[in-house]
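Chain by chain, the residues:
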Amino acid sequence: MTDVDTVQDEQSPYARVGGGAAVRVVVDRFYERVMADPTLAPYFTDSDLTNLKRHQVQLISHLLGGPVSYEGRELRDAHAGLDITPEAYGRVVEHLVGVLVEAGVPDDILASLGETLTAVQPDIVSQQS
Ligand code: HEM
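Throughout what follows, the structure given in this document is the object of discussion.

Thresholds applied
Residues numbered from 1 in each chain as written. Predicted model: local features only at pLDDT ≥ 70, side-chain atom pairs only at ≥ 80, totals over all residues. Heavy atoms only, no water. Helix = DSSP H or I, 4+ residues; strand = E, 2+ residues; numbered from the N terminus. Expected span 1.5 Å × (residues − 1). Buried < 20%, exposed > 50% of the residue type's maximum accessible area, 1.4 Å probe, protein only. Arc of directions from axis to C-beta. Contact = heavy atoms within 4.5 Å. Donors = N, O, S within 2.8 Å, 3.2 Å for Na, K, Ca; no water. Near = heavy atom within 4 Å. Polar contact = N/O pair within 3.5 Å; in protein donor to acceptor, adjacent residues only side chain to side chain. Nonpolar A, V, L, I, M, F, W, Y, C, P; charged D, E, K, R; others polar.

Side note on helix H3 (residues 19-36)
Every α-helix carries 3.6 residues per turn, so stepping three or four residues along brings you back to the same face.
Moving on, step 1. The end-to-end C-alpha distance of H3, which contains 18 residues, comes to 26 Å, matching closely the 26 Å that a straight helix rising 1.5 Å per residue would cover.
Moving on, step 2. Taken residue by residue, H3 has Gly-19, Gly-20, Val-23, Val-26, Val-27, Phe-30, Tyr-31 and Val-34 as its buried positions. Down the axis of H3, the smallest arc covering the buried residues is 130°, so these residues share one side. The exposed residues of H3 that point more than 90 degrees off its buried face are Glu-32 and Ala-36.
Moving on, step 3. Buried residues belonging to H3 abut helix H2 (13-17), helix H4 (49-63) and helix H6 (86-102).

Rendered as structure tokens:
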């Protein structure tokens, strides 16, 4: 007999959060918050948000084990020259984690995404506070 818990454990985090549709909702909400944050919006003045969201959806989907490839630039190249401070990085992470929590993403998935976000911080932050 199949154990329901086992089946759930075998699903990818991507499937468990609701797949592509759920990731797109989270990414849309995330950029709404980022653009509504006066300390962050200026970083994005020259950005093509449509492209950026598409790449962010791909990256998060990929990190969650979804069948999606990331087609954007290396994170270090994408953020080079933007003079991103540790404070700005912290606020972006807060907004991202905030929308993930509100979307009901389970704690184990949050913890593993959190580890990845910590690991990429040196590629993104280019300014000491
Ligand atoms: C917290 C972890 C972060 C992740 C995982 C992340 C991820 C990404 C991704 C996937 C892209 C798209 C790259 C491409 O299209 O080639 C991107 C671009 C960008 N990110 Fe981030 N980012 C993070 C933090 C930040 C922070 C803290 C800021 C600024 C406060 C920021 C500002 C930008 C901007 C302005 C772009 C667009 C650059 C351009 O249009 O050339 N990001 N980011």
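Next comes the rest of the write-up.
As for the coordination of the iron atom of the ligand
Moving on, step 1. No other protein atom reaches the iron atom of the ligand as a donor apart from His-79 (NE2), found 2.0 Å away.
Moving on, step 2. In this structure, His-79 sits in helix H5 (residues 75-79).

Some details on the site of the ligand
Moving on, step 1. In the vicinity of the ligand there are 22 residues, among which Ser-47, Leu-52, His-55, Arg-73 and His-79 approach most closely.
Moving on, step 2. A distance of 2.6 Å separates an oxygen atom of the ligand from a polar side-chain atom of His-55.
Moving on, step 3. Residue His-79 places a side-chain N or O atom 2.8 Å away from a nitrogen atom belonging to the ligand.
Moving on, step 4. If you list the elements that add at least two residues to the shell around the ligand, you get H4, H5, H6 and helix H7 (107-124).
Moving on, step 5. In terms of residue class, the shell around the ligand is made up of 16 nonpolar, 5 polar and 1 charged.

A word on H4
Moving on, step 1. In a regular helix each residue adds 1.5 Å, so 15 residues correspond to 21 Å; H4 covers 21 Å between its end C-alpha atoms and thus fits that length.
Moving on, step 2. Residues His-55, Gln-56, Val-57, Gln-58, Leu-59, Ile-60 and Ser-61 constitute the buried set of H4.
Moving on, step 3. Turning to H4, the residues buried within the fold contact H2, H3, H5 and H6.
Moving on, step 4. The N-cap of H4, judged by a side-chain oxygen 3.1 Å from the amide nitrogen of Thr-50 a few residues on, is Asp-48.
Moving on, step 5. Looking one or two places after H4, you find Gly-65, whose phi comes out positive at around 85°.

Thoughts on unusual backbone geometry
Moving on, step 1. One non-glycine residue with positive phi stands out, namely Asp-83, at about 55°.
Moving on, step 2. As for its placement among the helices and strands, Asp-83 is situated in the loop between H5 and H6.
Moving on, step 3. When its relative accessible area of 42% is taken as the criterion, Asp-83 is described as partly exposed.

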